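So you can see what is in the structure, the chains are spelled out below.
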Amino acid sequence: MIVHEQTDYELGDDLVDVTDLVCPGCRGAVVEAPPAGWPTSAGIVPEFSHPDGSVLCPDGYGRVPEPVERWSR
Ligand SMILES: [Zn+2]
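Note that this is a predicted model, so its numbers are computed, not measured. (Residues numbered from 1 in each chain as written. Predicted model: local features only at pLDDT ≥ 70, side-chain atom pairs only at ≥ 80, totals over all residues.)

*Asks:* Let's hear about the overall build of the protein chain: which residues, and what values?
*Replies:* Along its length, the protein chain carries 0 helices and 4 strands. Reading the protein chain from its N end, one meets helices and strands in the order β-β-β-β. Counting the 73 residues in the protein chain, one finds 11% classified as buried. Taking contacts inside the protein chain between residues at least 6 apart in sequence as the whole, the part at least 24 apart equals 30%. (Helix = DSSP H or I, 4+ residues; strand = E, 2+ residues; numbered from the N terminus. Buried ≥ 20, exposed ≤ 12 C-beta atoms within 10 Å, placed from the backbone. Contact = placed C-beta atoms within 7 Å.)

If you want it as structure tokens, here you go:
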């Protein structure tokens, strides 16, 4: 019987492991944890952060991006 790890993250139709995801800004690794010190008053807490706990690099509009697969453009 196959048991999926809790780190599996559903992205579209594919089940992607968080270790296969990178920040679209710096192409660095991400961890499945909210950024450290994220103010709850800021609204939706991001699901992912850099390994050092900082928020993922914002996109050109200042929005926190979703991580992308390591091999995507
Ligand atoms: Zn980044």
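*Asks:* Describe the confidence of the model for the protein chain, listing the residues and the values that go with them.
*Replies:* Detail in the predicted coordinates should be disregarded across regions flagged by low pLDDT. Taken over all residues, the pLDDT of the protein chain has a mean of 83, while the share at 70 or more is 77%. Of all the helices and strands in the protein chain, strand 1 (residues 8–11) carries the lowest mean pLDDT, 56, while strand 3 (residues 21–22) carries the highest, 96. (pLDDT = per-residue confidence, 0-100.)

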